[in-house]
Amino acid sequence: MVTLTIDRREVQAEEGATILEVAKESNIYIPSLCHNEGVIPYGACRLCLVEIMRNGRQRLVASCLYPVEEGLVVKINSERVINNRKMIIELLLARCPDSEVIQDLAKQLGVKKTTFKVEEDNRKCILCALCARVCEEVVGVSAISLVNRGVDRQLATPFYEPSVVCIGCGSCAYVCPTGAIEMEDVGDTRVVSMPHVKMEFKLKKCKTCGHYWAPESQLDYIAKKWNLAPEVFDNCPNCRD
Amino acid sequence: MTSLGSPDELETLRKSIIKSRDPNKPCITICGGTGCHSFGSEKVVAAFRQEIKTQKLGAKIDVRTTGCHGFCERGPLVVINPKNIFYQRVNAADVPEIITETIVNGNTVDRLLYIDPGTAEKITHEHEVPFYKKQKRLVFGNNGNIAPTVIEDYLAVGGYAALSKVLFKMSPEAVIEEVKKSGLRGRGGGGFPTGIKWQSCRKAEGDTKYIICNCDEGDPGAFMDRSLMEGNPHSVLEGMIIGAYAIGAHQGYIYVRNEYPLAVRNAQIAIKQAEEHGLLGENILGSGFDFNIRISRGGGAFVCGESTALMASLEGKVGEPRAKYVHTVEKGLWDKPTNLNNVETWANVPLIINEGADWYAKIGTPKSKGTKIFSLTGKINNTGLVEVPMGMTLREIIYDIGGGIPGGKKFKAVQTGGPSGGCIPESSLNLPVDFDELAKVGSMMGSGGMIVMDENTCMVDIARYFIAFLEGESCGKCVPCREGLKRMQQILTDISEGRGKNGDVELLERLSAAIIDSSLCALGSTAPNPVLSTIRYFRDEYEAHIKDKRCPAGVCKELITYRIIDEKCPGCGLCVKACPQEAITLVQKKKPVVLDQDKCIKCGACYDVCELGAIEVK
């Protein structure tokens, strides 16, 4: 265990934990968008920047990545941190004018509007890759990924076409921090809408209650992966013994 | 070739190579570096071989294609040793005369000699050429003496003696101490003390450790690492093997961009030769130390020069950086302790071992030791590679070695350190060049690029150019770099196209501060340097663009007009022919021409062709 100070509060933490994890456990709020405890930290959105004091030197670090250490002094809302966070949120506001999450974060920081030209063709995606990371690291399918470099970077399926490996599980929509990926079940069909592609999946009907409850492709994937008999999924979770 | 099994066998081989070579036998060395190669040096080499055959002089003359000599501006370069006669801009057609006159009759071919623009004197010897005179070519010097694909040449100049010394007379700790004592700092840009990096990697936990040579030089206008790898690959290998021994690594990688085909080829050949000679591979020189090197070719992304992105790329992943809160010397390639240095850093190592840390530490400034290779490009008379001791002033490098600015134009700024370096103005020309001094004026050493700009350069346009480069090369992973550079580029484009607003400069400064502070890697955290340094030293130019909608240097097309000065125009019609838009008409013979502003696309073709100064840009 190590002892560190976050905003004048002394906190005990496991060695190897990140500042963000420790803060969360101690109910200390640090804003972040690209972090999700289910996947490996990535450090892309930079909103979780904090100022640390180490060996008499102050510097900014991404709290989602920085491992805590004995005697570390962390400032979450120093002037330097706030100035940087404000500029980042201004940049994101210009990029994603339609995202409510970003609008709320801006409000929180006292940023009323962005100085920069508002983007026309992208409205919500911040390219944090959380969707692609979950798809690879958790689901194990890698149906989507980031393509191109730099300002041309995009979230996409291969060739911008409906993916042939996507199982329609909707994890991407679930983790997307800005609502850029939407998922809706209409009748016997699930529709997943991403910035550049829309995909449809046939849903399985529950033998007992008749409810359409999960994409057939997802159930096939699970059955195959865990070597289960296909009948296991004849009934929805509510109608199973 | 049988493998060398001991230091004695290495020395015996070295002696026999030296003995077999007559120091008085004429040796024609032709620069085969990429610069001279594109000037046609291959044809010159073929012509020499043919002429020697024709004149039946094969036994009396050696011909050697070497690496880059540095004076790229005057290529193809030919040096005839042992007399050190220096011929420049040599064509295949000049070859018979060189053989007959210089080799057979012992005379110089005057028209091929270099003329000192300062004194108008013809200079016979390479070492007397002003471009070379002030240089201290410790690392780069052998480029001109050896054929990079002939290991015997490297052995003849003392090659692998440092390795032999290290393996049999020094402990790994002693090697690290020596490198620490020398004061060598990383030549790739960061300037981190090499010995301390090695020590951290040696101390890092783990049995498997890696060594990497970073040859992913991507700065526009920089080519020192390429030229070293092309011209003297064995010196890089020797440095790497010594480093591996000191750190305790058994596998090394050379990450070299695929756009450097000659560097890739020469490194491959050198590795094979070193392996065949028992200088690389298992049980090196019979010492029991094993070390292998493999080449990994990069796809050309600038960001892959960043160490963590490079390692990701080496692992076969997308070349994107990661945070270095856990250093790569502890967790690098495949999460193993990894020591990465750049080409020039590795090439300095044998020198330090051979000559000693004390000797090395005497060269340079208190905190930056040794020499540094710079690539001098831009508006400079002597384009090329120069190696100077740390601490030489910018003025000496640009004027004494670089020969000043062409066309009698005025110096305006020099950008050091590659695209993310800063632009240094005339008032700082007396700055001694080292890691810390460059940082103080808002620039950096970087890998050693030096782009000289004259009075006709617009500093807003320059900032826009470099930000455009960096925006294109940003990997796009983190928000401040990806989004921030895009916005910076938009603001700079607006300013240079006449849409600049009050407050834009302040916004650029605010944006710069955030990009520097919050970006994930060094690409982002240094990217605003060209903007900040041009604002710092040339703020008036920004203001002229924004407030007066005027480009003082006459570069930004939207803000300039070309005009015919009637009093000076004799109506010769040269500009009429040059204009691609038919915007200029010769209304009457021997009367001033007329320029139609509506048709003019401001390409400047008329301006370039008019020798009478009858066209002005405002």
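Explain the overall build of chain B to me, please; I cannot follow it from the model alone.
Of regular secondary structure, chain B possesses 24 helices and 19 strands. Computed over its C-alpha atoms, the radius of gyration of chain B comes to 27 Å, within 12% of the 25 Å expected for a compact globule of 618 residues. Based on the C-alpha atoms only, the size of chain B along its principal axes is roughly 85 × 65 × 40 Å. Buried residues in chain B amount to 54% of all 618 residues. In chain B, the share of contacts with a sequence separation of at least 24, taken over all contacts with a separation of at least 6, comes to 71%.

I keep staring at the overall build of chain A and nothing clicks. Help me out?
Of the regular secondary structure elements, chain A holds 6 helices and 11 strands. In terms of its C-alpha atoms, chain A occupies a principal-axis envelope of roughly 65 × 45 × 30 Å. Of all 241 residues assigned to chain A, the portion counted as buried reaches 39%. Taking contacts inside chain A between residues at least 6 apart in sequence as the whole, the part at least 24 apart equals 53%.

What is the right way to look at the packing of helix 19 (residues 479–496) of chain B against helix 22 (residues 529–546) of chain B in this model?
Packed helices, taken two at a time, are described by the angle between their axes plus the distance between the axes. Residue and element names in this part refer to chain B. One way to put it is that helix 19 packs onto helix 22 with a least axis distance of 10 Å and a crossing angle of 40 degrees. Put simply, helix 19 runs oblique to helix 22. Residue-level contacts link Met488, Ile495 and Ser496 of helix 19 to Val531, Tyr542, His545 and Ile546 of helix 22. For the contact of helix 19 with helix 22, the class distribution of residues is 5 nonpolar, 2 polar and no charged.

Just to check I follow, could you spell out the sheet that holds strand 11 (residues 371–378) of chain B for this structure?
Strands belonging to one sheet form pairs held by backbone hydrogen bonds; the direction of such a pair is parallel or antiparallel. Residues and elements named next belong to chain B. Pairing is mixed across the open sheet formed by 5 strands, whose spatial order is 12-11-15-13-14. Both outer strands of the open sheet, strand 12 (384–389) and strand 14 (423–425), are each paired with one neighbouring strand and no more. On average, adjacent strands in this sheet sit at an angle of 30 degrees to one another, irrespective of strand direction. Strand direction decides the pairing type here: strand 13 (residues 411–416) and strand 14, joined by 3 bridges, are antiparallel. Paired with Val414 across the two strands is Ile424, which belongs to strand 14.

Explanation requested: the pairing of strand 7 (residues 210–215) of chain B in the structure shown.
Residues and elements named next belong to chain B. The element strand 7 is largely enclosed, with a buried count of 6 among its 6 residues. A two-sided burial pattern is seen for strand 7, the buried positions comprising Tyr210, Ile212 and Asn214 on one face and Ile211, Cys213 and Cys215 on the other. Across 6 bridges, strand 7 lies against strand 8 (residues 251–257) in parallel orientation. Residue pairing across strands places Ile212 opposite Tyr253, the latter belonging to strand 8. Pairing of strand 7 with strand 10 (residues 338–342) involves 5 bridges; the strand directions are parallel.

So what exactly am I meant to see when it comes to the interface of chain B and chain A here?
Interface size is often expressed as the accessible area that is lost when the parts come together. Of the residues lining the interface, 26 residues belong to chain B; the matching set on chain A comes to 27 residues. Elements with a minimum of two residues in the side of chain B that touches chain A: helix 18 (459–473), helix 19 and helix 20 (504–518) of chain B. Looking at the side of chain B that touches chain A, the element that brings in the most residues is helix 19 of chain B, giving 8 residues. Broken down by class, the residue content of the side of chain B that touches chain A amounts to 11 nonpolar, 6 polar and 9 charged.

What am I meant to see in the nonpolar core here?
Within soluble globular proteins, side chains that are nonpolar tend to cluster in buried spots. In terms of nonpolar packing, the biggest core is built from 232 residues, with Val50 and Cys131 of chain A together with Ile241 and Ile242 of chain B touching the most fellow members. With 9 residues, the top contributor of residues to this core is helix 11 (residues 233–247) of chain B. Beyond its immediate stretch of four places on either side in the chain, Ile241 of chain B contacts Leu163, Leu280, Ile284 and Phe291 of chain B. Tyr562, Leu595, Cys606 and Cys610 of chain B belong to the second-largest nonpolar core, a separate cluster that totals 12 residues.

Help me understand helix 2 (residues 79–95) of chain A in this model?
Between the first and last C-alpha of helix 2 of chain A there are 24 Å, a value that for 17 residues agrees with the 24 Å anticipated at 1.5 Å per step. Turning to helix 2 of chain A, its buried residues are Val81, Asn84, Arg85, Met87, Ile88, Ile89, Glu90, Leu91, Leu92, Leu93 and Arg95 of chain A. Of the surrounding elements, those touching the buried residues of helix 2 of chain A are strand 3 (49–54), strand 4 (57–62), strand 5 (73–75) and helix 3 (100–108) of chain A together with helix 19 and helix 20 of chain B.

Mind showing me how you'd approach unusual backbone geometry here?
A cis geometry characterises the amide bond from Gly75 of chain B onward to Pro76 of chain B, with omega recorded as -5 degrees. Here Pro76 of chain B is to be found in the loop between strand 2 (62–66) and strand 3 (78–81). Across the junction of Asn81 of chain B and Pro82 of chain B, the peptide omega takes the value 5 degrees, indicating a cis bond. Of note, Asn227 of chain A is a non-glycine position whose phi angle comes to about 55 degrees, a positive value. Relative to the assigned elements, Asn227 of chain A resides in the segment after helix 6 (216–225). Positive phi outside glycine occurs at Tyr160 of chain B, with the angle close to 65 degrees. By secondary structure assignment, the location of Tyr160 of chain B is in the loop between helix 6 (151–156) and helix 7 (161–169). Judged by the 29 C-beta atoms lying within 10 Å of it, Tyr160 of chain B is buried.

Even after reading the chapter, I still don't get the sheet that holds strand 3 of chain B, so can you show me in this structure?
Residues and elements named next belong to chain B. Overall, mixed pairing links the 4 strands, which are arranged 2-1-3-4 in an open sheet. Of all strands in the sheet, those bounded by a partner on one side alone are strand 2 and strand 4 (85–87). Looking at each pair of strands side by side, their axes are set apart by 20 degrees on average, direction ignored. Two elements, strand 3 and strand 4, share 3 bridges in a ladder whose sense is antiparallel. The partner of Val79 across the bridge, within strand 4, is Phe86.

Any chance you could explain the domain arrangement of chain A here in plain terms?
Residue and element names in this part refer to chain A. Each assigned domain of chain A is listed here: domain 1 (2–77) and domain 2 (130–239). Here domain 1 and domain 2 have C-alpha centroids that lie 33 Å from each other. Residues of the side of domain 1 that touches domain 2, tallied by class, amount to 5 nonpolar, 2 polar and no charged.

Is there a simple way to think about the packing of helix 18 of chain B against helix 22 of chain B in this case?
Residues and elements named next belong to chain B. Where helix 18 contacts helix 22, the two axes come as close as 8 Å, and the packing angle between them is 135 degrees. As far as their axial angle goes, helix 22 and helix 18 are oblique. Crossing geometry of helix 18 relative to helix 22 is assigned as left-handed. Every residue of helix 22 that contacts helix 18 at Met459, Val460, Ile462, Ala463, Phe466 and Ile467 is listed here: Pro530, Val531, Thr534, Phe538, Glu541, Tyr542 and His545. Residue classes in the contact of helix 18 with helix 22 are distributed as 10 nonpolar, 2 polar and 1 charged.

Looking at this structure, I do not really get the domain arrangement of chain B. What am I missing?
According to the domain assignment, chain B contains domain 1 (24–81 + 85–124), domain 2 (153–361), domain 3 (371–454), domain 4 (459–546) and domain 5 (561–617). Taking only C-alpha atoms into account, the centre of domain 2 of chain B sits 57 Å from that of domain 5 of chain B.

Teacher, can you tell me more about the pairing of strand 2 (residues 9–13) of chain A here?
Of the pairings in the sheet, the one linking strand 1 (residues 2–6) of chain A to strand 2 of chain A comprises 5 bridges and is antiparallel in character. Directly across from Val2 of chain A, in strand 2 of chain A, lies its bridge partner Ala13 of chain A.

For this particular structure, what's the right way to read helix 20 of chain B?
Each α-helix winds once per 3.6 residues, and so residues spaced three or four apart point in a common direction. The end-to-end C-alpha distance of helix 20 of chain B is 21 Å, a good match for the 21 Å that 15 residues give at a rise of 1.5 Å each. When we look at burial in helix 20 of chain B, the residues that qualify are Leu508, Leu511, Ala514, Ile515, Asp517 and Ser518 of chain B. Next to the buried residues of helix 20 of chain B lie strand 3, strand 4 and helix 2 of chain A together with helix 19, helix 21 (522–526) and helix 22 of chain B.

I keep staring at the environment of Lys440 of chain B and nothing clicks. Help me out?
Following the sequence through the fold, Lys440 of chain B ends up in helix 17 (residues 435–440). Through-space distance from the C-alpha of Lys440 of chain B to that of Lys169 of chain B is 41 Å; in sequence the pair is 271 residues apart.

Explanation requested: the environment of Cys239 of chain A in the structure shown.
Relative to the assigned elements, Cys239 of chain A resides in the segment after helix 6. Placed 143 residues apart in sequence, Cys239 of chain A and Cys96 of chain A show a C-alpha to C-alpha distance of 42 Å.

Honestly, the confidence of the model for chain B in this entry has me stumped. Any pointers?
Low pLDDT marks regions whose predicted coordinates should not be analysed in detail. Averaged over every residue, the pLDDT of chain B is 94; the share at 70 or more is 100%. What the predictor reports for the complex is a pTM of 0.93 with an ipTM of 0.94.

Is there a simple way to think about the environment of Phe223 of chain B in this case?
All names here are of chain B. Within the element layout of this structure, Phe223 appears in the loop between strand 7 and helix 10 (224–231). Distance from Phe223 to Ala92, taken between C-alpha atoms, is 26 Å for residues 131 residues apart in sequence. The contact partners of Phe223, leaving out residues within four places of it in the chain, are Glu217, Ser375 and Leu385.

Rules and cut-offs
- Residues numbered from 1 in each chain as written.
- Chains lettered and ligands numbered in written order.
- Predicted model: local features only at pLDDT ≥ 70, side-chain atom pairs only at ≥ 80, totals over all residues.
- Helix = DSSP H or I, 4+ residues; strand = E, 2+ residues; numbered from the N terminus.
- Rg over C-alpha atoms; globule rule 2.2 N^0.38 Å.
- Buried ≥ 20, exposed ≤ 12 C-beta atoms within 10 Å, placed from the backbone.
- Contact = placed C-beta atoms within 7 Å.
- Axes fitted to C-alpha atoms, helices over the stretch in contact; angles between N-to-C directions.
- Parallel < 35°, antiparallel > 145°, perpendicular 65-115°, else oblique.
- Nonpolar A, V, L, I, M, F, W, Y, C, P; charged D, E, K, R; others polar.
- Pairing = 2+ DSSP bridges.
- Core = buried A, V, L, I, M, F, W, Y, C linked by C-beta atoms within 7 Å.
- Expected span 1.5 Å × (residues − 1).
- Domains from an automatic or database assignment.
- Left-handed = near helix turned anticlockwise from the far one by under 90°.
- pLDDT = per-residue confidence, 0-100.

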